[in-house]
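# Structural features, examined
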Amino acid sequence: MSRERLSVREWDRLEAELKRGPLAHGFSDDQRWTLGRIRTLIGRLFHKVYTVQGVAKLLKRHGWSCQVPVRRAIERDEEAIKMWKDEVWPRLKGPRRTWSPTSASRTRQAKG
């Protein structure tokens with residue numbers, strides 16, 4: 001395991017800054033923390049350089065985990081999705097192939 005490069009005080013500050021959110025740190029286009037953004041934040045706050053993988057290890061070491069947004073799109077139409085899965089996808093996917101023996105050889109069949 002790699003050596004911790006942030007002191008306890010620095011980690012506490014980083015955690016507090018992460019809780020303030022990306023907007024407070026100039027990331028206005030999307031309100032999610034990414035490893036790249038956290039890496040940038042560490043550089044700005046503490047003048048220390050981490051790789052993206054190093055940031056992932058740091059967060060995991062301190063009990064943080066990757067999260068997926070819980071909410072779904074407001075525009076999501078469950079009926080349209082069900083119809084697509086039931087009717088359109090099977091046509092696109094096509095019928096299931098039946099089993100038939102094949103050759104694993106890369107050689108061509110002899111002619112004549």
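See the structure shown above.
Described below are features of the structure shown in this document. (Residues numbered from 1 in each chain as written. Predicted model: local features only at pLDDT ≥ 70, side-chain atom pairs only at ≥ 80, totals over all residues. Heavy atoms only, no water.)

## Let's talk about the pattern of salt bridges
Our working definition: Any Lys or Arg side-chain nitrogen found within 4 Å of a carboxyl oxygen on Asp or Glu counts as a salt bridge.
Under the criterion given, the structure shown has 7 salt bridges. Linking R37 and D29 is a salt bridge whose minimum nitrogen-to-oxygen distance equals 2.9 Å. One salt bridge in this structure joins E78 and R76, with 2.6 Å as the shortest N-O distance.

## Considering the packing of aromatic side chains
Inclusion rule: Only Phe, Tyr and Trp rings are paired, with Trp represented by its six-membered ring, and only when their centres lie within 6.5 Å; those with planes under 30 degrees apart are stacked, over 60 edge-to-face, the remainder tilted. Sitting over a ring, as applied to charges here, requires NZ of Lys or CZ of Arg to be within 6 Å of the ring centre and within 35 degrees of the ring normal.
Across all of its chains, the model carries 3 aromatic pairs by this definition. Seen from their ring centres, W84 and W89 are 6.0 Å apart, and the 25 degrees between their planes marks the pair as stacked. The ring of Y50 is capped by R5, whose NZ or CZ atom sits 4.2 Å from the centre of that ring.

## Some remarks on the nonpolar core
Keep this limit in mind: Among buried residues, those of type Ala, Val, Leu, Ile, Met, Phe, Trp, Tyr and Cys that are joined through side-chain atoms within 4.5 Å constitute a nonpolar core. Partly exposed residues are those whose accessible area sits between 20% and 50% of the maximum for their type, while under 20% is buried and over 50% is exposed, using a 1.4 Å probe and protein chains only. In this text, helices come from DSSP runs of H or I with a minimum length of four residues, and strands from runs of E with a minimum of two, each type numbered from the N-terminal end. In what follows, a contact means two residues having at least one pair of non-hydrogen atoms within 4.5 Å.
One finds L6, L14, I42 and L58 to be the most contacted residues of the largest nonpolar core, which totals 13 residues. Looking at this core, the elements that each hand over two or more residues are α1 (8-20), α2 (35-46) and α3 (52-61). For this core, the element with the highest residue contribution is α2, accounting for 5 residues. Excluding residues that lie within four positions of it along the chain, L14 makes contacts with L6, L41, I42, L45, F46 and L58.

## What to know about the side chain of R37
What counts is decided by this rule: N or O atoms within 3.5 Å of each other form a polar contact, as long as, within protein, one can give a hydrogen and the other can take it, and as long as residues adjacent in sequence are counted only when both atoms are side-chain atoms.
Mapping R37 onto the fold places it in helix α2. Within polar-contact distance, the side chain of R37 engages the side chain of D29 at 2.9 Å. In this structure R37 touches P22, F27, D29, D30 and R32, once residues within four positions along its chain are discounted.

## Concerning α3
Note: α-helices contain 3.6 residues per turn, so residues at a spacing of three or four share the same orientation. For clarity, the threshold we go by: Relevant arc is that of directions from the helix axis to the C-beta atoms, nothing else.
Within α3 the residues assigned to the buried category are G54, V55, L58 and L59. Each buried residue of α3 lies within a common arc of 135 degrees when the element is viewed along its axis, so the set occupies one face. Across from the buried face of α3, at angles greater than 90 degrees, the exposed residues are Q53, K57 and K60. Looking at the packing, one finds that the buried side of α3 touches α1 and α2. Within two residues after α3, G63 carries a phi angle of roughly 85 degrees, on the positive side.

No statement about biological role is implied by the geometric values presented.
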